[in-house]
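# Survey of secondary and tertiary structure
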Amino acid sequence: MPVNLHALAEHHIPQVLEACHDWKELAQHGPPYWRPRSSAELRRKIVDAAGPQLAQAYSFVLADDSQLVGETSIHAIDWRNRVAQVGICIWRPEDRRRGYGRAGAEAAISWALDELGLLRLEAWILATNKASQELFAGLDFAYEGTLTGRYQHGGVRHDVVVYGLTR
Ligand SMILES: CC(C)(COP(=O)(O)OP(=O)(O)OC[C@H]1O[C@@H](n2cnc3c(N)ncnc32)[C@H](O)[C@@H]1OP(=O)(O)O)[C@@H](O)C(=O)NCCC(=O)NCCS
């Protein structure tokens, strides 16, 4: 399913908040959904990437022909070492498994490598999130290790696995 990337912008905010209203479903997949999303959080992301200096994170929304379906990000950018993390989320369960996740992640990864000149990307994924692990394994990321109890959700600590791609 084709999907277009747009830099997160002010006019997207109401649609993102609406699409993420079921934050408890999203929270089980990890940050940044551990609490209801806010316009303040999204505005901060927009401001942080306003330039002219390089940002530590860039956020994009994913759009199909009719609506926004999710988001992807290049974040936790370590410019000295040319490393960053990749985030991807298709917000509504009914929009998953339609190819948006792969298309969005591929586009963000290509942009990070080719335009930002990053040399290493990581995906930090909950150990229970097999869908995301399969997605990144299919994009040539390799399992590199497990961070024990790195994410707290519902009062329980969950392991996070790190997948990496080094150019
Ligand atoms: C993980 C996620 C982004 C995948 O996006 P998607 O649009 O559903 O995935 P796609 O349809 O593009 O599928 C791409 C590949 O991902 C893998 N995949 C996706 N969903 C899967 C599932 N439920 N079980 C196993 N593998 C799955 C498969 O390898 C699939 O390739 P295939 O279709 O050839 O089998 C999506 O499930 C999602 O947003 N989940 C909630 C948020 C989340 O977990 N984000 C990632 C946090 S690290």
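Going by what an unreviewed UniProt entry lists, the protein chain is known as Acyl-coa n-acyltransferase and is assigned to Actinomyces glycerinitolerans.

## Regarding the overall build of the protein chain
Across its full length, the protein chain carries five helices and seven strands. Secondary structure elements of the protein chain, listed N to C terminal, follow the sequence β-α-α-α-β-β-β-α-β-α-β-β. Computed over C-alpha atoms, the radius of gyration of the protein chain comes to 15 Å, within 12% of the 15 Å expected from 2.2 N^0.38 for 167 residues, which places it in the range of a compact globule. By its C-alpha atoms, the protein chain is 40 × 40 × 30 Å across when sized along the principal axes. In the protein chain, buried positions account for 28% of the 167 residues. Considering only intrachain contacts with a sequence separation of at least 6, the fraction spanning at least 24 residues in the protein chain is 54%.

## Details of the sheet that holds strand β1 (residues 4-7)
Working definition: the strands of a sheet are paired by backbone hydrogen bonds and lie parallel or antiparallel to each other. Pairing in this open sheet of seven strands is mixed, and the strands run β1-β2-β3-β4-β5-β7-β6 from one edge to the other. With one partner strand each, in any of the chains shown, β1 and β6 (142-153) form the two edges of the open sheet. On average, adjacent strands in this sheet sit at an angle of 30° to one another, irrespective of strand direction. Bridge count between β1 and strand β2 (residues 58-63): four bridges; the pairing is antiparallel. Directly across from L5, in β2, lies its bridge partner L62. This element, helix α4 (residues 100-114), spans β1, β2, β3 (68-78), β4 (83-90) and β5 (120-126) of the sheet and lies at about 160° to β4. Helix α5 (residues 130-137) rests against β5 and β7 (156-166) of the sheet, and its axis sits at about 160° to β5.

## Examining the site of the ligand
Taken together, 21 residues lie around the ligand, and H29, R96, G101, R102 and A131 are the ones closest in. Residue assignment for the shell around the ligand shows that the elements contributing at least two residues are β4, α4, β5 and α5. The element that contributes the greatest number of residues to the shell around the ligand is α5, accounting for five residues. Its residues placed into classes, the shell around the ligand shows eight nonpolar, seven polar and six charged.

## A look at the pairing of β3
With six bridges connecting them, β2 and β3 associate as antiparallel partners. Directly across from A63, in β3, lies its bridge partner L68. Linking two consecutive strands that pair antiparallel, namely β2 and β3, is a turn of four residues. As judged from the seven bridges shared by β3 and β4, these two strands associate in the antiparallel manner. If you follow D78 over to β4, its bridge partner there is V83. Turn length for the β3-β4 hairpin, with the two strands adjacent in sequence and antiparallel, is four residues, and the turn residue R82 shows positive phi of about 60°.

## Observations regarding the environment of L5
For L5, the location among the structural elements is in strand β1. For L5, a count of 16 C-beta atoms within 10 Å corresponds to the partly exposed category.

Reading guide: rules and limits
Residues numbered from 1 in each chain as written. Predicted model: local features only at pLDDT ≥ 70, side-chain atom pairs only at ≥ 80, totals over all residues. Helix = DSSP H or I, 4+ residues; strand = E, 2+ residues; numbered from the N terminus. Rg over C-alpha atoms; globule rule 2.2 N^0.38 Å. Buried ≥ 20, exposed ≤ 12 C-beta atoms within 10 Å, placed from the backbone. Contact = placed C-beta atoms within 7 Å. Pairing = 2+ DSSP bridges. Axes fitted to C-alpha atoms, helices over the stretch in contact; angles between N-to-C directions. Near = placed C-beta within 6 Å. Nonpolar A, V, L, I, M, F, W, Y, C, P; charged D, E, K, R; others polar.

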